[in-house]
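# Breakdown of the fold
So the chains spell out like this:
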Amino acid sequence: MLIKRKKPKAESHKVLIAEDSIASRRALIFVIKKLGYIPVEATNGVEAVEMAKKNLPGMILLDVMMPRMTGLEALKQMREDEETAEIPIVMLTSMTESETVVKAVQGGANDYVVKPYTADLIAQRLKKYMPAP
């Protein structure tokens, strides 16, 4: 008899921040903590994929330009993995050309935020995709 395993539920109070800039990560951590959520950090795309699977966050803030693996490549891997496929992902990008935004949306991103962003804009996205803490 086969036992069908239930997919683990994402821990909705965790927010994965995948950002190679320490200053940007620190600013995002501040906003996330202030709103009552728990930040989890990744400094590159490879770490982002690993941390998403390990922590199953309620939401991911994913920078487009990162070392080792781009945000778009990480997005693709997360969307192809059953465990992380449904987690809301908001892309963070300094690239405003429409081609990057189109690639992110076609790749499965739920939303995107153009840098430089404000704390209010990040708070809006958290409120949109995360349940109240």
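Residues numbered from 1 in each chain as written. Predicted model: local features only at pLDDT ≥ 70, side-chain atom pairs only at ≥ 80, totals over all residues. Heavy atoms only, no water.

### Some remarks on helix α4 (residues 98-106)
- All buried positions along α4 are accounted for by T100, V101 and A104. Seen end-on, α4 carries its buried residues on one side only, within an arc spanning 95 degrees. Seen from the buried face of α4, the exposed residues on the opposite side, beyond 90 degrees, are S98, E99 and Q106.
- Next to the buried residues of α4 lie α3 (71-80), β4 (89-93) and β5 (111-114).
- Phi turns positive, to about 110 degrees, at G108, one or two residues after α4. (Buried < 20%, exposed > 50% of the residue type's maximum accessible area, 1.4 Å probe, protein only. Helix = DSSP H or I, 4+ residues; strand = E, 2+ residues; numbered from the N terminus. Arc of directions from axis to C-beta. Contact = heavy atoms within 4.5 Å.)

### As for the confidence of the model for the protein chain
- With 90% of its residues at a pLDDT of at least 70, the protein chain reaches an overall mean of 89.
- With pLDDT under 50 throughout, residues 1-8 is counted as low confidence; its partners more than four residues away or in other chains account for five contacts. (pLDDT = per-residue confidence, 0-100.)

### Thoughts on the side chain of S24
- Its location among the elements puts S24 in helix α1 (residues 22-34).
- Exposure remark for S24: the relative accessible area of 19% places this residue in the buried category.
- If near-sequence neighbours (up to four positions away) are discounted, S24 is found in contact with E19 and Y117.

### So, unusual backbone geometry
- The residue after K115, namely P116, is reached through a cis peptide bond having omega -5 degrees.
- Here P116 lies in the loop between β5 and α5 (119-129).
- Even without being glycine, L56 reaches a positive phi, approximately 40 degrees.
- Structurally, L56 can be placed in the loop between α2 (45-55) and β3 (57-63).
- Judged by relative accessible area, L56 falls into the buried class, the value being 8%.
- In the Ramachandran plot, R68 falls in the positive-phi region, its phi being about 70 degrees despite a non-glycine side chain.
- Among the secondary structure elements, R68 is positioned in the loop between β3 and α3.
- The exposure class of R68 is exposed, given its relative accessible area of 65%.

### Overview of the environment of V114
- Take V114: it is sitting in strand β5.
- Since its relative accessible area comes to 29%, V114 is described here as partly exposed.
- For the pair formed by V114 and L92, sequence separation is 22 residues and the distance between their alpha carbons is 6.0 Å.

### Observations regarding the packing of α2 against α3
- Look at α2 against α3: their axes get within 9 Å of each other, and the N-to-C directions meet at 25 degrees. As judged from the angle between their axes, α2 and α3 are roughly parallel. Classified by chirality, the crossing of α3 by α2 is right-handed. Seen from α2, the contacting residues are G45, A48, V49 and A52; seen from α3, they are A74, Q77 and M78. (Axes fitted to C-alpha atoms, helices over the stretch in contact; angles between N-to-C directions. Parallel < 35°, antiparallel > 145°, perpendicular 65-115°, else oblique. Left-handed = near helix turned anticlockwise from the far one by under 90°.)

### Points about the environment of A132
- Assignment of secondary structure puts A132 in the segment after α5.
- Along the primary structure A132 and M59 are separated by 73 residues, whereas in three dimensions their C-alpha atoms are 13 Å apart.

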